[in-house]
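Residue-level listing of the chains:
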Amino acid sequence: MMNTDVRGARHATPRLAKAVPTAVLLVGAFYCLVPVVWVLAASSKSVSQLFTTFTLAPGTGLVENLRNLFAYGNGEYGQWALNSLLYAGVGAVLSMIVSTMSGYALAKYQFRGSSVIFFGILGGVLLPGITLAIPQYLLMSKMGLAGSVWSVLLPSILSPFGIYLSRVYAMAAVPTEMMEAARLDGASELRMFRSIAMPMMVPGMVTVFMLQFVGIWNNFLLPFIMLSDQSRYPITVGLYTLLSQGSGQPALYSLAIIGAALSIIPLVLLLLFLQRFWRLDLISGGLKG
Amino acid sequence: MTTQDLNPPSRRRRRRGTAAPYIFLTPAVLLYVCFLLVPIVYSIYLSFQGLRLVSGGAFGHRQSTFIGLENYATALTDAEFLGGFRRLAIYGIIAVPLTLGLALLFALLLDLGSARAKRFSRTAIFIPYAVPGVVASLMWGFMYLPATSPFSYITEKFGWGTIPFLQNPEIFSSVANIAIWSGVGFNMIILYTSLRGIPAYIMDSARIDGANEWQIATQIKIPLVAPALVLTGLFSLIGCLQLYGEPTTLAPMTSTITQTWVPLMTIYRDAFTLDDLPLAAASSVVLALGTLVVSVILLRLTQKRAFGDD
Amino acid sequence: MRSKMMAAVTVVAVGALALAACSGGGSTAGGSAGAGTSAAPITLTYWAWGTAQEPMVAAWNKSHPDIQVKHTDAGGATDSSAKLLTATRAGNAPDASVVEYQTLPAMIVGNAAADITKYVSAAAKGSFTNAVWGLVTFNGAIYGVPQDVGPMAFVYNKARLDALGVPVPTTWAEFATAAKKVHIADPNAYLTTFDPSQFGGFAGLAQQAGAKWWSVKGKTWTVDIDGPESIAVANYWQGLLDNGAIKSEPLLTPQWNQELNNGKILSWPSALWAPGVIYGVAPKMASQWAMAPLPQWTPGDSAVGNQGGSAVVVTTSSKHPKEAAEFAAWINSSQEGADVQLTTGQYPASKLGQAAAEKSAPPKLMPQQTDFWPLASKIAANTIPSINWGPDVNVASSAFQDAMAKAIANHTPLSAALIQVQKVVVADMKKTGFTVTN
């Protein structure tokens, strides 16, 4: 434990030194959790309780809300959840593969155009999604894909940040001399990538997967522009339509809130599960001078 | 796990050319060309167009015609659009330092041996990352509106009235708060894992020399995680310039946030509500160039500090 | 050698993927594979929001097996109209879509809504009054089939007003007095709130006062958003805000809903669809609210404007405009369609629907008001025909919201905000190329 005092057990850490940092951390934790507690409490309130009781107090309408949510539009919410899973799951896997391949290529090979490609791809983060959304939609329409599952998947696969992470990780984790040795043994480049590099890059791959999964799951604008068929909506767009029914229609607050609460749960579980695998230190690692 | 490449550059050169890297990069480059490059070029092309009436009559149809730099002139002289940048600056001055500062603080505290409840705090602070922006803003909307806010509830009980979260100028802190709430956890984890990468002997020898934890933090830890700080700073800055989701979700709840409160909202309004895609494209180009300039300036300024001779 | 093969395999794989994607995707284009043959049923796509749509479409599908309609919710009013314009450009538009009356001119100018005059049968023509047809007729051509209308009415918390001893206002002067009385009796309560983003509501009030925001003669438009009638309306609300009788607050936020539930907001001058909306956020207030005719400027008058309401348009990209028009006419004027509309809170535009309304139970919010529907019919009959929306209502709406919000925040006159809106709208129309007189 690197913070152990080397001078021995006689020098005990004073109480204050333990209490203050812990208190600050707990305040931070509390601050981060209050809105989540609110969502859970609010999702248990029926509509008549939602605007009449204290904000953080739980209500009695949880089962009713759940029933209404899954009954809405003939089980639309379930469809939205499956869609979110599809877009985020498949998208994150494909993104992980593409990012890993690209990062590996950029890190381990010297070739013409590597800088151009790398900085070009990185430059992609400079542009806001809104700007590109409509041109992407028009392009998709030309390709005949607008409104289909691909229209949401394909633009999500390219992740400049993921490629950057993979490149950093490949540089750190895959020793070039192992590659040289494999080449001398006659292995093909593809074989090397598959059998040597990829296993070594697993923690980095998991990181990219997690980042992309969360990013795609929470993405609103892209699916909103590309999709008009509500049976293809992910949860984010679905919840939005619940709230913005337009004038003359009541906003379905309680459905939206419980829908939101339910949608956070899988993400939290995923994050907790993957915590031991992801390696975000590699983000800063590649910058050491 | 080492974070340095062990091989000097010369050993990495291939003796003969191979198609391998190009093949590996094909999917990424294809996607990039399709979904980034082509839309960008198309946007730029669009920015020189305008929708004008062609057929005559009171209900004639609008069509796309070339109008040169008119959209750029409109964008750059639009008081609301430029005002959006000014508001972004105020928002950024609050949001960016606080996000990074708090992330750094929590990361350092997690790194202290003496703190307790570390696992719980770390997880709790990271959870907001899993909450989509729309949902987060909805939650905080309930927290801010005087009638439904538990905070205002408490202050009212004490006789201090309600907290004007959604009025000017508090609105800036309120919007910044949502972004800080969402972003601290992720940045904290980046800085924390960077801290864990510092070899233990550096800290141990400092302690032997008599340094206390505060000195270790300020003079050893922070300088050593400077690269991570620069990176998170850069992403926070870009995120700040692209602020859109939080004010848009809060806008229906308060008249303080107009449709043009930040540049991206103006762009969205032009593209969707006003159906003036070319103007939105021109404004986007202006925004993107601004982002580029700011990013380059930031990287230049911090290059020496963070990257040494890189 | 191996790398060359790898390269070839990759290229083929990517190509195959692209081909598969291109042929397998795309399902929102109008029309269907069966176009031209009468054997296979024609499938139409229909964009609409709100709870009434699904049952209406189901009723049509049941009774018309040869023309099947696929319904989808593309978002609320503003979102789906924006998407409709973009989809038209991309060639992805549905066959039919619900469009609010105020957005219809923009759809015409944006070449999204088709002229369906020749597809409207005589029977369909007879299902709606001329006044209602006026909402969708421009330059003598019909661009949609009216679905629901929003004649303005006064929806108020009867229980609280009775308790406070405040009589129901019949004129705006009485309304002002009532507002002051309410606020003095309970400093935390307000007769109503003024929402600077309610463009449609304010437009309806201006219409009631006699304003005509857009009018067209031949090829020339006249814009009169800052005419004396509208300014008078703005000044009226200004007065109420200035002496604190009402307050300014966005509608239907969690805060507004809470205050409504607690009896702190006592009325909503809006339209006949309001009871459903209020019930949606305040089910506990059932039987405490009631509806009355909207206050008038001159005692004895009875004309009111429209707020909201929408029509079903047939898009220019539809490959089956005749069938789409038939569908639109049916759901909006058949018995089955009307039944659905009534149960979901829409006030039908069709004669049949309004007649059926008179026989139905009062809305869930005011079960005690048994004369709700007869009163509604009377109000609907007195609606001022057609507000004459212009081609850039979206510009006006956006400018209105921002200008009004700023005026309230900075305590500058609302009338000045109206003048600002006029300036912006005229400038925009001129820039696009319309001829506008001042």
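Treat the numbers as computed from the prediction; the structure is a model and nothing was measured.

Conventions we followed
Residues numbered from 1 in each chain as written. Chains lettered and ligands numbered in written order. Predicted model: local features only at pLDDT ≥ 70, side-chain atom pairs only at ≥ 80, totals over all residues. Helix = DSSP H or I, 4+ residues; strand = E, 2+ residues; numbered from the N terminus. Buried ≥ 20, exposed ≤ 12 C-beta atoms within 10 Å, placed from the backbone. Contact = placed C-beta atoms within 7 Å. Nonpolar A, V, L, I, M, F, W, Y, C, P; charged D, E, K, R; others polar. Pairing = 2+ DSSP bridges. Axes fitted to C-alpha atoms, helices over the stretch in contact; angles between N-to-C directions. Domains from an automatic or database assignment. Core = buried A, V, L, I, M, F, W, Y, C linked by C-beta atoms within 7 Å. pLDDT = per-residue confidence, 0-100.

When its secondary structure is counted, chain A shows 15 helices and zero strands. Counting only residues that meet the buried cut, chain A has 54% of its 289 residues in that class.

Of the residues lining the interface, 98 residues belong to chain B; the matching set on chain A comes to 80 residues. The element contributing the most residues to the side of chain B that touches chain A is helix α1 (residues 20-47) of chain B, with 16 residues. Considered class by class, the residues forming the side of chain B that touches chain A number 64 nonpolar, 22 polar and 12 charged.

Let's shift gears to the sheet that holds strand β9 (residues 220-223) of chain C. All names here are of chain C. Pairing is mixed across the open sheet formed by three strands, whose spatial order is β8-β9-β14. Where the open sheet ends on each side, the last strands, each with one partner, are β8 (214-217) and β14 (435-437). In this sheet, adjacent strand axes meet at a mean angle of 35° when their direction is disregarded. Strand direction decides the pairing type here: β9 and β14, joined by three bridges, are parallel. Among the inter-strand pairings, tryptophan 221 is bridged to a residue of β14, identified as valine 436. Here helix α18 (residues 414-432) sits on the sheet in contact with β9 and β14, set at roughly 165° to β9.

Moving on, we get to the interface of chain B and chain C. Each side of the interface is counted separately: chain B has 35 residues, and chain C has 38 residues. When contributions to the side of chain B that touches chain C are tallied by element, the ones reaching two or more residues are α1, β1 (49-53), α5 (133-144) and α12 (263-273) of chain B. No other element matches the four residues that α1 of chain B contributes to the side of chain B that touches chain C. Grouping the constituent residues of the side of chain B that touches chain C by class yields 16 nonpolar, 15 polar and four charged.

Residue and element names in this part refer to chain A. Domain boundaries assigned for chain A yield domain 1 (18-60) and domain 2 (69-285). On a C-alpha basis, the centres of domain 1 and domain 2 stand 30 Å from each other. Taken together, the eight residues of domain 1 in the interface contact six residues of domain 2. Ranked by residue count, the leading element in the side of domain 1 that touches domain 2 is helix α1 (residues 15-43), at four residues.

Residues and elements named next belong to chain C. Domain annotation for chain C reports domain 1 (42-149 + 308-369) and domain 2 (151-306 + 386-437). Taken over C-alpha atoms, the centre of domain 1 sits 26 Å from the centre of domain 2. With 22 residues of domain 1 in contact, the opposing surface of domain 2 contributes 23 residues. Counting residues per element, the ones that place at least two in the side of domain 1 that touches domain 2 are α4 (104-109) and β13 (306-314). Among the residues forming the side of domain 1 that touches domain 2, the class breakdown is 12 nonpolar, nine polar and one charged.

Moving on: the nonpolar core. In terms of nonpolar packing, the biggest core is built from 327 residues, with Phe106, Ala107 and Leu191 of chain B together with Leu104, Ile278 and Ala328 of chain C touching the most fellow members. With 15 residues, the top contributor of residues to this core is helix α7 (residues 170-196) of chain B. Excluding residues that lie within four positions of it along the chain, alanine 107 of chain B makes contacts with Met188, Leu191, Tyr192 and Leu195 of chain B.

Next up on the list: the confidence of the model for chain A. Should pLDDT be low for a region, the predicted coordinates there are not to be read in detail. All names here are of chain A. Chain-level statistics for chain A give a pLDDT mean of 81 and a share of 87% at 70 or above. Within chain A, the lowest mean pLDDT, 53, falls on helix α15 (residues 281-285), and the highest, 92, falls on helix α4 (residues 76-108). Across residues 1-11, where pLDDT falls below 50, the model places 11 contacts with residues more than four positions away in sequence or in other chains.

Bringing the environment of glutamine 242 of chain B into the picture now. Checked against the element boundaries, glutamine 242 of chain B lands in the loop between α10 (226-241) and α11 (245-250). Expressed as a C-alpha distance, the spacing of glutamine 242 of chain B and leucine 88 of chain B, which sit 154 residues apart in the sequence, is 9.2 Å. Excluding its chain neighbours within four sequence positions, the residues that come into contact with glutamine 242 of chain B are Pro128 of chain A together with Leu264 of chain B.

This part takes up the pairing of β1 of chain B. All names here are of chain B. Within β1, four of the five residues are buried, which leaves the element mostly enclosed by the surrounding structure. For β1 and strand β2 (residues 62-66), the ladder comprises five bridges, and the chain directions are antiparallel. Opposite glutamine 49, over in β2, you have phenylalanine 66 as the bridge partner.

With that out of the way, let us pick up unusual backbone geometry. With the exception of glycine, most residues fall at negative phi, and the peptide bonds are largely trans. For the bond from asparagine 168 of chain B to proline 169 of chain B, the omega torsion is -5°, close enough to zero to count as cis. By secondary structure assignment, the location of proline 169 of chain B is in the loop between α6 (150-157) and α7. We note that serine 287 of chain C has phi near 70°; this positive angle belongs to a residue other than glycine. Here serine 287 of chain C lies in the loop between α12 (274-281) and β12 (289-293).

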